[in-house]
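Descriptive analysis of the structure
Here is what each chain is made of, one letter per residue.
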Amino acid sequence: MGFDFNVILSKQDALLSGIAMTIFVWVVGTLAGAVLGFVVATARRYGGTLVDKALTVPIEVIRGTPFLVQLFLLYFGGPYIGLSLDALPAGLLALSIYGAAYFAEIFRAGYQSVPPGHVEAAECLGFTRIQIIRNILLPEMALLVIPPSVNMAIILLKETALLSLITVPEMTMTASAIGSQEYAFVEAMVLIALVYWVLVELAGVLGRFAEKKLSRYRLAKA
Amino acid sequence: MSWKLFNLLLEASLMTIFVSTVSILIGLVLAILLSAANLSGIRPLRWFSKFFISFFRGTPLLVQLLLLYNLLPVIGVQIPSLVVAIIGLSICTAAYQAENLRGGFEGVPTGLVESADMAGFTPVQTFWHIRVPIALRLTLPALINEAILILKASSLVSVVGLIELTRMAQNLVASTFMPLEIYASAGLIYLVINLVVATAGRQLERRLPGVGSK
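Notes on the structure in this doc start here.

Parameters and conventions
- Residues numbered from 1 in each chain as written.
- Chains lettered and ligands numbered in written order.
- Predicted model: local features only at pLDDT ≥ 70, side-chain atom pairs only at ≥ 80, totals over all residues.
- Heavy atoms only, no water.
- Helix = DSSP H or I, 4+ residues; strand = E, 2+ residues; numbered from the N terminus.
- Buried < 20%, exposed > 50% of the residue type's maximum accessible area, 1.4 Å probe, protein only.
- Contact = heavy atoms within 4.5 Å.
- Areas by Shrake-Rupley, 256 points an atom, 1.4 Å probe, with all protein chains shown as cover.
- Lys, Arg positive; Asp, Glu negative; His and termini not counted.
- Charge placed at Lys NZ, Arg CZ, Asp CG, Glu CD.
- Core = buried A, V, L, I, M, F, W, Y, C linked by side-chain atoms within 4.5 Å.
- Buried area = accessible area lost by both parts, 1.4 Å probe.
- Salt bridge = Lys/Arg side-chain N within 4 Å of Asp/Glu carboxyl O.
- Polar contact = N/O pair within 3.5 Å; in protein donor to acceptor, adjacent residues only side chain to side chain.

1. Observations concerning the overall build of chain B
What chain B contains, in helices and strands, is 9 helices and 0 strands. Relative to its full complement of 214 residues, chain B shows a buried share of 46%. Nonlocal contacts in chain B, meaning residues at least 24 apart in sequence, comprise 76% of its contacts between residues at least 6 apart. Taken as a whole, chain B presents about 10,600 Å² of accessible surface, with 68% of it coming from carbon and sulfur. Counting 14 positive and 9 negative side-chain charges, chain B places the centres of these two groups 3 Å from one another.

Written out as structure tokens, the structure is:
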């Protein structure tokens, strides 16, 4: 028994396009999830009790069920309610919605961390709500929100592997295909496991760097 | 969707609960051993523990399962899907639980460890009778959280051929062409199991005494 990584590495074009696709769905899914999550958290804060309660339900449902089931429900069940999506848009949509549910909770905690006095002071000075969000709430919660957001981005990177199960040509799918054709499935999996590992470590390093850069804005403890 | 189909899903969810429970428990034992390796003075053990935790937290569970499932026949081992699923999930959750436990072990008051040393406990005795129970108590909320994550992650063992809730749903969809109803029902069952675990966890946390003086 011997392992031969050369046959896999000789397919580098296909592998690289798989890696590029993984990074693409990861970045787009994470950014869309973060924006959507922020919108949901903001709606919960300013939309009144009814909106707040109504939005709790989808968040809990998404957080309480496996991403794989959500993905299958959207991709295979969607066409039955007139939502026929190709694999890539379906995967991106599922990933964004899944991420949004977690980001909504991260931003909710962020909103709660800002002392009410700061918001009240801004209101007294005549700031509009948009100005308060942009100039008071966002900067003050940024530092608190970064570590869990980086964590969530890392979780989403690993979830992108599941998109291979609905045939999005990202790196798990590309590597599985090459591995099966070349009778080197194990080598293919070891190789992409290493790529995921590097990407995850890189995301962690970038996150800590951002945290350090922003830490000079940390408020003095009263 | 008929009750017959829903019952099939319910039956398959027993396999989900079984695989998750066994994996969480094996994972917990592995995590304690990893923590012991990390706390020990032996450097290669510490390296191994760090590598293990970093690798299994840094790669997708799906890739780990596919790797394990295909690696075993290559190295000449034939084991049933159930065992592959449990090994894969246990190893993955061990890495996460060990990382959680690290925080717990750091929270063990040094005074307690020192008094155990003074009382003549060997390092191994101190570890099992003082550090582990306190670390476990401190990380109980994280452990319950991990249990819920593993219940959801167990949906991935469908790729190694074990008939659990998600795999049963896939099979039923293939024969009935009712993906909406079936996947929604599977989701509902996962949701209910998770709610039960979360509620039971909160009860348990409330009943157990805290650590140290309040």
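Now that the structure is up, let's keep going.
2. Describing the nonpolar core
Among the nonpolar cores identified, the biggest contains 124 residues, and Phe67(A), Met189(A) and Leu9(B) are the most heavily contacted of them. Per-element accounting of this core gives the leading share, 13 residues, to helix 5 (residues 87–113) of chain A. If sequence neighbours within four positions are ignored, Met189(A) has contacts with Thr172(A), Ala175(A), Ser176(A), Val63(B), Leu66(B) and Leu67(B).

3. Quick notes on the interface of chain A and chain B
Chain A puts 34 residues into the contact, and the matching count from chain B is 32 residues. Here chain A packs against chain B, burying approximately 2,900 Å² in sum over the two surfaces, 80% of which is carbon and sulfur. Of all residues in chain A, Val69(A), Lys158(A) and Trp197(A) bury the most surface against chain B, accounting for 19% of the area lost on that side. Applying the counting rule to chain A against chain B returns 0 salt bridges. The interface formed by chain A and chain B includes 8 residue pairs in polar contact (both at pLDDT 80 or more).

4. Thoughts on the pattern of salt bridges
Summed over all chains, the structure comprises 7 salt bridges over all chains. Ionic pairing is found between Arg102(B) and Glu99(B), a salt bridge with its closest N-O pair at 2.7 Å. Of this pair, Arg102(B) and Glu99(B) both sit in helix 4 (residues 81–106), separated by 3 residues, roughly a single helical turn. On the basis of relative accessibility, which here comes to 40%, the residue Arg102(B) falls in the partly exposed class. Overall, the relative accessible area of 22% leaves Glu99(B) in the partly exposed class. A single network of salt bridges, built from pairs that share partners, joins Arg44(A), Asp52(A), Glu105(A) and Arg108(A).

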